[in-house]
There are 4 protein chains.
Amino acid sequence: MIDPGPLERPKDPPWRQIADRLRDAIAKGAYPSGAKLPSEKTLCETYGVARMTARRALENLRDDGVIESRPGIGWFVREG
Amino acid sequence: MIDPGPLERPKDPPWRQIADRLRDAIAKGAYPSGAKLPSEKTLCETYGVARMTARRALENLRDDGVIESRPGIGWFVREG
Amino acid sequence: MIDPGPLERPKDPPWRQIADRLRDAIAKGAYPSGAKLPSEKTLCETYGVARMTARRALENLRDDGVIESRPGIGWFVREG
Amino acid sequence: MIDPGPLERPKDPPWRQIADRLRDAIAKGAYPSGAKLPSEKTLCETYGVARMTARRALENLRDDGVIESRPGIGWFVREG
DNA sequence: GTGGTCTAGACCACC
DNA sequence: GTGGTCTAGACCACG
């Protein structure tokens with residue numbers, strides 16, 4: 001008979017995993033209010049993903065009001 | 001700092017996991033030459049996937065020449 | 001002397017122009033509550049853009065609560 | 001229905017528009033061989049762009065062999 | 001060297 | 001044939 005055991009289910013997509021780690025780091029105070037986050041390029045290299053994937057993670061936090069972008073400078077934890 | 005550990009990478013997609021289990025079962029003699037495999041519907045229920053996903057697994061084995069479909073009847077391990 | 005006249009300024013990016021046209025069409029009743037919007041592929045062909053550009057437009061409307069996606073089916077004007 | 005008309009496509013980028021105007025002015029004799037061009041700062045103010053944008057226009061003409069920079073002094077139409 | 005946008009493909013799961 | 005995700009580049013404006 002075939003093995004009827006449960007399949008390995010797909011994990012959260014990479015962009016969500018990255019978003020979750022950033023959220024954790026911010027929640028734990030690693031990036032206080034006003035702090036600059038790692039650049040998109042750094043995130044790409046850290047996690048081995050394409051830039052659009054890193055950006056999705058950052059945009060997800062932005063949509064939650066947690067961070068904001070300052071074009072030409074970087075991404076920052078929103079102040080108060 | 002953010003956790004720089006590796007992301008959880010996607011496992012094999014469900015259709016491939018199912019195909020692999022079917023291949024194993026056939027190789028182990030659970031479905032000898034000419035035997036009828038579980039129906040697409042049964043595979044769907046066993047693994048909790050959509051029908052197209054079960055189909056893709058079966059088509060994968062067919063493309064490898066391991067099984068064949070007899071429309072309206074089912075999928076069978078190829079003879080000879 | 002050089003011409004000191006004003007430069008031609010960049011227009012809204014394509015994704016925003018597409019989003020604005022969709023918003024207009026919905027506001028004018030071309031897509032009533034519950035209606036299915038053109039597929040991403042259709043938007044690509046209509047406007048000559050890459051799929052990610054068409055998607056950005058749709059995601060912008062989704063973030064505004066105007067439409068929602070039903071994976072495997074399409075994008076729909078939100079009911080109620 | 002949505003408006004299927006063509007999108008407004010991006011014009012030439014500002015740095016190219018400025019480069020083109022400089023080229024025109026030189027071709028028309030407004031800046032003869034050896035003449036000093038407007039400073040980067042002046043170009044910024046004239047056109048309302050950032051300094052790197054004005055610089056890129058000048059570097060474009062330099063790469064074409066039309067002008068040259070004398071660091072600390074300015075940009076000049078190349079002689080001979 | 002930063003974010004903002006875009007291209008032109010790809011594979012996946014589901015209908 | 002639909003949306004969801006990803007790749008691996010690209011050009012731009014700005015600091």
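Residues numbered from 1 in each chain as written. Chains lettered and ligands numbered in written order. Predicted model: local features only at pLDDT ≥ 70, side-chain atom pairs only at ≥ 80, totals over all residues. Heavy atoms only, no water.

Going by an unreviewed UniProt entry, chain A carries the name GntR family transcriptional regulator and comes from Pseudonocardia tropica.

Trainee: Quick rundown of the protein's contact with DNA strand F? Include the residues and the values.
Mentor: If you check the shell around DNA strand F, you find 28 residues, and the closest are Pro14 and Trp15 of chain A, Arg55 and Ser69 of chain C together with Pro14 of chain D. Atoms of DNA strand F within 4 Å of the protein: sugar and phosphate make up 63%, bases the balance. One nitrogen or oxygen atom from the main chain of Ala50 of chain A is found 2.9 Å from a phosphate oxygen belonging to DNA strand F. A per-element tally of the surface near DNA strand F places helix α3 (residues 51-63) of chain A first, with four residues. (Near = heavy atom within 4 Å. Polar contact = N/O pair within 3.5 Å; in protein donor to acceptor, adjacent residues only side chain to side chain. Helix = DSSP H or I, 4+ residues; strand = E, 2+ residues; numbered from the N terminus.)

Trainee: Can you break down the pattern of salt bridges residue by residue, with the values?
Mentor: Residues and elements named next belong to chain B. Tallied over the full model, the rule gives 38 salt bridges over all chains. For Arg23, the salt bridge identified is with Asp20, shortest N-O distance 3.9 Å. Residue Arg23 and its partner Asp20 are located together in helix α1 (residues 14-27), separated by three residues, close to a single helical turn. With its nearest N and O atoms 2.7 Å apart, the salt bridge here joins Asp64 to Arg23. Taken together, the residues Asp64 in the loop between α3 (51-63) and β1 (67-70) and Arg23 in helix α1 connect sequence positions 41 residues apart. Accessibility expressed as a relative area gives 48% for Asp64, which makes it partly exposed. (Salt bridge = Lys/Arg side-chain N within 4 Å of Asp/Glu carboxyl O. Buried < 20%, exposed > 50% of the residue type's maximum accessible area, 1.4 Å probe, protein only.)

Trainee: I'd like to hear about the relation of the copies chain B and chain A, residue by residue, with values.
Mentor: When chain B is fitted onto chain A, the two copies agree to an RMSD of 0.4 Å after a turn of 179 degrees and an axial shift of 0.1 Å. The symmetry that links the two subunits is that of a two-fold axis. Residue Pro10 of chain B of chain B places its C-alpha closer to the rotation axis than any other residue of that unit, at 2.9 Å. A high fraction, 100%, of the interface residues of chain B reappear at the interface in chain A, so the copies pair face to face through one surface. (Least-squares fit on C-alpha atoms with pLDDT ≥ 70 in both. Contact = heavy atoms within 4.5 Å.)

Trainee: Give a detailed account of the environment of Glu59 of chain C, specifying residues and quantitative values.
Mentor: Residue position: Glu59 of chain C is located in helix α3 (residues 51-63). On a C-alpha basis, the gap between Glu59 of chain C and Ile73 of chain C in space is 16 Å, while along the polypeptide they are 14 residues apart. Sequence-distant contacts of Glu59 of chain C, defined by excluding residues within four places in its chain, comprise Arg56 of chain A together with Trp75 of chain C.

Trainee: Could you give an account of the packing of helix α1 (residues 14-27) of chain A against α3 of chain A, with specific residues and numbers?
Mentor: Residues and elements named next belong to chain A. Contact pair α1 / α3: the axes reach a minimum separation of 8 Å and the direction vectors enclose 50 degrees. Judged by the inter-axis angle, α1 sits oblique to α3. Crossing of α1 against α3: the hand is right-handed. In contact with Pro14, Trp15, Ile18, Ala19, Leu22, Arg23 and Ile26 of α1, α3 contributes Thr53, Arg56, Ala57, Leu58, Asn60 and Leu61. (Axes fitted to C-alpha atoms, helices over the stretch in contact; angles between N-to-C directions. Parallel < 35°, antiparallel > 145°, perpendicular 65-115°, else oblique. Left-handed = near helix turned anticlockwise from the far one by under 90°.)

Trainee: Which residues make up the arrangement of the chains, and what values do they have?
Mentor: Across all C-alpha pairs, the smallest distance from chain A to chain D is 12 Å, and the two are not in contact. A gap remains between chain B and chain D, with no contact made and the closest C-alpha atoms lying 33 Å from each other.

Trainee: Mind laying out the interface of chain D and chain C, listing which residues take part and the relevant values?
Mentor: Each side of the interface is counted separately: chain D has 24 residues, and chain C has 24 residues. Summed over both sides, the interface between chain D and chain C buries roughly 2,100 Å², with carbon and sulfur atoms accounting for 59% of that surface. Broken down residue by residue, the surface that chain D buries against chain C is led by Ile2, Leu7 and Arg21 of chain D, which jointly contribute 30%. The interface formed by chain D and chain C includes two salt bridges. Linking Arg21 of chain D and Asp3 of chain C is a salt bridge whose minimum nitrogen-to-oxygen distance equals 3.7 Å. The set of elements that each furnish at least two residues to the side of chain D that touches chain C consists of α1 (14-27) and α2 (40-47) of chain D. In terms of residue count, the dominant contributor to the side of chain D that touches chain C is α1 of chain D (six residues). Split into classes, the residues belonging to the side of chain D that touches chain C amount to 15 nonpolar, four polar and five charged. (Buried area = accessible area lost by both parts, 1.4 Å probe. Nonpolar A, V, L, I, M, F, W, Y, C, P; charged D, E, K, R; others polar.)

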